[in-house]
Amino acid sequence: MNNLSPVFYNAESVRRVLNWPMVNEAVEAALKAVVDHTSEPNANAGVEHMEQDQGNEPQSNNSIKSYVSQPARSVTIAGNDPSKLMLTMPAFVGNYRLTAGGAGGDATNVGRSTLACKVVTSFRANRQLQPPLPSICANIMLFNVKTGELEAIMAGTDITTWRTVSASLVATKYLYFRRFGPRAEHQLEINVAIVGCGAQGQLHAAAMCANFKVKQLNLYNRTESQAVQLASQLRQRLSSDSSNSYATDMPDIKVCSSAREAVAQADVICMATYAREALIHANDLREKRSVHINAVGAGEVHFGEVSADIYAESLVYVDCMSNAEHELVGLPAPIAGELGGVIIHGNYPDEQAVTIFQSMGMASEDACVAEAVQSALLSCAK
C-alpha cells in the first residue's frame, strides 16, 4: 500500500463482517501472545487438555511462540476539563495465527504480526449537545509492520465492545467448561445470569446464547424496564436467528427483581455494571458452587461489583498480569494467573471451584481483532 492514502473502514463496514468465530479466535490469539513464555510456571502441565477443538491436534510446544509489546495506556486531558480525555493504546503482536475458519476472508494459518494503536476520546458533555453526540469515540490505526506506514484507520467502538464480550466467552470456555472435559462447551447446558443490561450486558446475553447451550438466562438491571426490553429482544432474535448454533434450544429467559435472585442457580455470571458497591455476595451463590464469574464492570473500582467474600474463595484470572498490577491495586484476592496461560498449558480449575475472570481489556486484543476484520473486508472486496 506504499504511496497510497490510508484506507478508512467505517462502523457499518466493520459491523458487516464481525462474527463470533472470527472475534473469539483473534481474542484468544491475543490472550496467548501476552503470556511470558520464558517464566510461565508448569509449562508442560495439563498438556493432555490442550486445544482439541473440532478435531485439531494439541498445540505444539515446539512452535515459535507469539508475543506482545503493549505499554500502559496514556491519558491526555483536553485543556483544563477532566471530562474531556484522549486515551492512546498501542500494541505490537508478533507471530500469531488466524485460520481461515476463524478470520474468514483470505486469512491463512501462517504467522502474522500486527502493529496498531487505538485512540479513544471521551467527552462526557457530548450527550447534552443538540443534537447529542456519542460521548465515546474510538478508532484503530493499523500500520505496516515493515515500514511503519499507516495503512488503515478503522472505526473501533464496535470492535471494543465485541472483543470485551469475546474475552468473557473465551474465559467461560477455558475456566468453566474445560474443567469438565475437552469438548464440554459443545455438550453441557448452563444457566447464565446477566447483572447489568446496558450495552455490555446486552451483548453478553446474546453472545452467551449464540456460543453455548444456555438453558436458563436470568437478567437483572437496576432499572427493570431495560431488562424487560432486553428479554423481549432476545426472545425475538433467538427465535428467528438461523445462524445461532443452538437456536433450536431456546433458553428460558427471566427478568429478576434482584441480583441475588438472578445468580442463585447460575453456572456462569456476567457482571457488567458501574456499581461502586458489591451487588452479589458469597451467600447468593449456589451451595454446590462450581461457578464462573466474568467481571467486566467499568466503575471507579474495577472489582467493586463482586463482594470480598466471593473473592476470598475464588481463583482470580486476568488477561494481562502487568496491566493488573497497575489497574487492580487493592484487589481482595491473589491473582491465580493469566487466562492465556490456562489456554496454553491446560491447567484448568477443579470442577467445584469458583473462578473470576477480571476483565480489563488489552490493546493487543484490539489489534488482533482489527487485523481479522481487515482480512475479512479485503476478502469481501475481491
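## A look at the environment of His326
In this fold, His326 is placed in helix H10 (residues 321-327). Judged by relative accessible area, which is 62%, His326 ranks as exposed. Within the local environment of His326, its side chain forms a polar contact with the backbone oxygen of Ser322, the two atoms lying 3.0 Å apart.

## Side note on the pairing of strand E13 (residues 314-318)
Within E13, four of the five residues are buried, leaving the element largely enclosed by the surrounding structure. Bridge count between E13 and strand E15 (residues 354-358): five bridges; the pairing is parallel. From the neighbouring strand, Val316 faces E15, where its bridge partner is Ile356. In this structure, E13 lies alongside strand E14 (residues 335-338), joined through three bridges in parallel fashion. Across the sheet, the residue bridging to Val316 is Ile335, located in E14.

## Concerning the packing of helix H2 (residues 20-33) against helix H12 (residues 363-380)
Running from amino to carboxyl end, H2 crosses H12 at an angle of 140 degrees, the nearest separation of the two axes being 8 Å. As far as their axial angle goes, H12 and H2 are oblique. For H2 against H12, the interelement crossing comes out right-handed. The segment H2 lies against H12, with Met22, Val23, Ala26, Val27, Ala30 and Leu31 engaging Ser364, Glu365, Cys368, Val369, Ala372, Val373 and Ala376. Counted by class, the contact of H2 with H12 contains eleven nonpolar, one polar and one charged residues.

## Details of the nonpolar core
Leu217, Leu219, Leu339 and Val373 are the most contacted members of the largest nonpolar core, which totals 72 residues. No other element matches the ten residues that helix H4 (residues 157-176) contributes to this core. Leu339 has contacts with Leu31, Ala167, Val170, Ala171, Tyr174, Leu175, Val318 and Phe357, leaving out every residue within four places of it along the chain. Among the nonpolar cores identified, the runner-up in size contains 29 residues, and Val195, Ile269, Leu331 and Ala333 belong to it.

## Topic: the packing of aromatic side chains
On inspection of all chains with the given rule, the structure shows six aromatic pairs. Between Tyr67 and Phe92, the aromatic rings sit 5.9 Å apart at their centres with planes inclined by 45 degrees, giving tilted as the arrangement. You can see Tyr67 sitting in strand E2 (residues 67-69) and its partner Phe92 sitting in strand E4 (residues 84-97), a full 25 residues away along the chain. For the ring pair Tyr174 and Tyr348, a centre distance of 6.4 Å and an interplane angle of 25 degrees mean the geometry is stacked. In this pair, Tyr174 is assigned in helix H4 and Tyr348 in the loop between helix H11 (339-345) and E15, connecting sequence segments 174 residues apart. Of the two residues examined, Tyr174 and Tyr348, each falls in the buried class. Taken together, the aromatic side chains of Tyr176, Phe177, Phe180 and Phe212 make up a single cluster linked through ring pairs.

## A look at the sheet that holds strand E10 (residues 252-255)
Taken in spatial order, the eight strands line up as E10-E9-E8-E11-E12-E15-E13-E14 in an open sheet, and their pairing is parallel. The open sheet is flanked by E10 and E14, the only strands paired with a single partner. With strand direction ignored, the average angle separating the axes of adjacent strands in the sheet is 20 degrees. When strand E9 (residues 213-220) meets E10, the two strands line up parallel, connected through four bridges. Note that in E10 the partner of Gln216 across the bridge is Asp252. Packed onto the sheet, helix H7 (residues 224-240) meets E9 and E10 and runs at close to 165 degrees relative to E10.

## Let's talk about the confidence of the model for the protein chain
Residues at a pLDDT of 70 or more form 87% of the protein chain, whose mean pLDDT is 89. Under a pLDDT of 50 for its full length, residues 39-62 has, in the predicted model, 45 contacts with residues more than four places off or in other chains. Taken as a whole, residues 103-107 scores under 50 in pLDDT and shows 17 contacts with residues more than four places along the chain or in a different chain.

The rules behind the values
- Residues numbered from 1 in each chain as written.
- Predicted model: local features only at pLDDT ≥ 70, side-chain atom pairs only at ≥ 80, totals over all residues.
- Heavy atoms only, no water.
- Helix = DSSP H or I, 4+ residues; strand = E, 2+ residues; numbered from the N terminus.
- Buried < 20%, exposed > 50% of the residue type's maximum accessible area, 1.4 Å probe, protein only.
- Polar contact = N/O pair within 3.5 Å; in protein donor to acceptor, adjacent residues only side chain to side chain.
- Pairing = 2+ DSSP bridges.
- Axes fitted to C-alpha atoms, helices over the stretch in contact; angles between N-to-C directions.
- Parallel < 35°, antiparallel > 145°, perpendicular 65-115°, else oblique.
- Left-handed = near helix turned anticlockwise from the far one by under 90°.
- Contact = heavy atoms within 4.5 Å.
- Nonpolar A, V, L, I, M, F, W, Y, C, P; charged D, E, K, R; others polar.
- Core = buried A, V, L, I, M, F, W, Y, C linked by side-chain atoms within 4.5 Å.
- Phe/Tyr/Trp six-rings, centres within 6.5 Å; stacked < 30°, edge-to-face > 60°.
- pLDDT = per-residue confidence, 0-100.

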